[in-house]
Amino acid sequence: MLEIRQENKKDYAEVYNVIKKAFMSAEHCDGNEQDLVVNLRESNNFIPELSLVAIDDNKIVGYILFTKIRIGKYEELALAPLAVLPEYQKQGIGKKLIEEGHKKAKKLGYQYSIVLGSERYYPKLGYVPASQYGIKAPFEVPNENFMAIELNNTDVEITGVVEYAKEFGI
Ligand SMILES: CC(C)(COP(=O)(O)OP(=O)(O)OC[C@H]1O[C@@H](n2cnc3c(N)ncnc32)[C@H](O)[C@@H]1OP(=O)(O)O)[C@@H](O)C(=O)NCCC(=O)NCCS
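If you're wondering where the values come from, they're calculated on a predicted model, not measured in any experiment.

Parameters at a glance
- The written sequence of each chain sets the order in which its residues are numbered from 1.
- Predicted model: local features are reported for residues with pLDDT of at least 70 only, side-chain atom pairs are reported and counted for 80 or more only, and whole-chain, interface and lining totals are derived from all residues.
- To get the side-chain values, all heavy atoms of the structure are used, and hydrogens and water are removed first.
- Secondary structure elements are defined from DSSP: runs of H or I of at least 4 residues count as helices, runs of E of at least 2 residues count as strands, and each element is numbered from the N terminus.
- Exposure is judged per residue with a 1.4 Å probe applied to protein chains only, and the accessible area is read against the type maximum: over 50% gives exposed, under 20% gives buried, and values in between give partly exposed.
- Criterion used throughout: strands pair if DSSP finds at least two bridges between them.
- The term nonpolar core refers to a set of buried residues drawn from Ala, Val, Leu, Ile, Met, Phe, Trp, Tyr and Cys, joined through side-chain atoms within 4.5 Å.
- The contact rule is simple, with two residues in contact once any of their heavy atoms fall within 4.5 Å.
- Any residue with a heavy atom lying within 4 Å of a molecule or strand is counted as near it.
- As used in this structure description, the phrase polar contact means that two N or O atoms lie within 3.5 Å; if the pair is within protein, one of them must be able to donate a hydrogen and the other to accept it, and residues adjacent in sequence are counted only when both atoms belong to side chains.
- Here, Shrake-Rupley sampling with a 1.4 Å probe gives the accessible areas, and only protein chains in the shown set may cover a residue.
- All amino acids are sorted into three groups, where Ala, Val, Leu, Ile, Met, Phe, Trp, Tyr, Cys and Pro are nonpolar, Asp, Glu, Lys and Arg are charged, and the leftover types, Gly among them, are polar.

Following Ala 80, the chain continues into Pro 81 via a peptide bond in cis, with omega recorded as -5°. If you trace the backbone, Pro 81 turns up in strand β4 (residues 74-84). Notably, Asn 58 is not glycine yet its phi reads approximately 65°, a positive angle. Looking at where Asn 58 falls in the secondary structure, it is placed in the loop between β2 (51-56) and β3 (59-71). Looking at Asn 58, the relative accessible area reads 76%, which means it is exposed.

Below you can see the structure in the form of structure tokens.
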């Protein structure tokens, strides 16, 4: 049975390979998502509770990371990267990783998670164009590819341009 749990140090090498292999088959990738994760783990924007692995039969088959971003004076989350080994894709593992991440992020009190990605995939998990919330990307991107999900209801207005961790190089 598939287990989702927090990543620990012993997983780092295996996670590196999972991300590398997953993105080799990806439509959009810059080829160094695995190195981005290595750098983000050293950053103040890293949240250990939101670095999750999916395990099948003692093997890491998927990985997800949410890190801190800023929107105005508020601290929110960015989902990046999400990776599932090619031979395990389209079996619901990505979906489970996102759902578990959202559950934990809600408990931690975050309002929004944003993602840059496929408009065919993330809306299945509740993401809508971030512009609907008044959240803007700090770069040029088609409206439908820059998305957000509201994790907790709030009366506070969180709008503006996203500031990513410097490790993203944006
Ligand atoms: C994207 C990725 C993480 C999806 O993980 P997955 O475990 O295959 O996804 P799931 O099985 O949970 O799929 C959930 C739903 O999305 C659909 N889906 C999966 N990959 C999709 C894709 N690339 N485009 C459109 N729909 C997709 C599935 O058919 C499924 O739909 P359903 O619930 O209606 O049946 C995985 O394909 C991957 O690692 N890709 C390479 C890396 C990458 O591109 N990461 C995302 C960067 S934005």
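Moving on, there is more to tell.
Across the six residues that make up β2, a large majority, five, are buried. In this structure, strand β1 (residues 3-6) lies alongside β2, joined through four bridges in antiparallel fashion. Following the sheet pairing, Gln 6 is matched in β2 by Leu 52. Pairing of β2 with β3, which is carried by six bridges, proceeds in the antiparallel orientation. Across the sheet, residue Ile 55 finds its bridge partner in β3, namely Ile 60. Remark: two residues form the turn of the hairpin made by β2 and β3, two consecutive strands paired antiparallel; Asp 57 in that turn has positive phi of roughly 55°.

What follows is about the nonpolar core. Leu 79, Ile 114, Tyr 127 and Ile 135 are the most contacted members of the largest nonpolar core, which totals 56 residues. Listing elements by their share of this core, those giving two or more residues are α1 (12-24), α2 (33-41), β2, β3, β4, α3 (93-107), β5 (112-116) and β8 (146-150). Per-element accounting of this core gives the leading share, eight residues, to β3. If we skip the residues at most four places from it in the chain, Leu 79 touches Ile 64, Leu 65, Phe 66, Ile 98, Ser 113, Ile 114, Val 115, Tyr 122 and Tyr 127.

We now examine the site of the ligand. In the region of the ligand, 19 residues are neighbours, and Val 84, Lys 90, Gly 92, Gly 94 and Lys 95 sit closest. The contact in question runs from a nitrogen atom of the ligand to an N or O atom on the backbone of Leu 82, over 2.9 Å. Between the ligand and Val 84, the relevant distance is 2.8 Å, taken from an oxygen atom to a main-chain nitrogen or oxygen of the residue. In isolation the ligand offers 900 Å² of accessible surface; the protein chains occlude 75% of this area. Those elements giving two or more residues to the shell around the ligand turn out to be α1, β4 and α3. Residue composition of the shell around the ligand, grouped by class: 10 nonpolar, five polar and four charged.

Attention now moves to the pairing of β3. Most of β3 is tucked away, with 11 of its 13 residues classed as buried. Where β3 meets β4, nine bridges bridge the pair, whose relative direction is antiparallel. Across the sheet, residue Phe 66 finds its bridge partner in β4, namely Leu 79. The turn joining β3 and β4, which pair antiparallel and follow one another in sequence, is formed by two residues; a positive phi near 60° is taken by Gly 72. Two strands pair when backbone bridges link them, and β3 and strand β9 (residues 160-163) are joined in this way by two bridges, in the antiparallel orientation. Bridge pairing in β9 places Ile 71 opposite Val 162.

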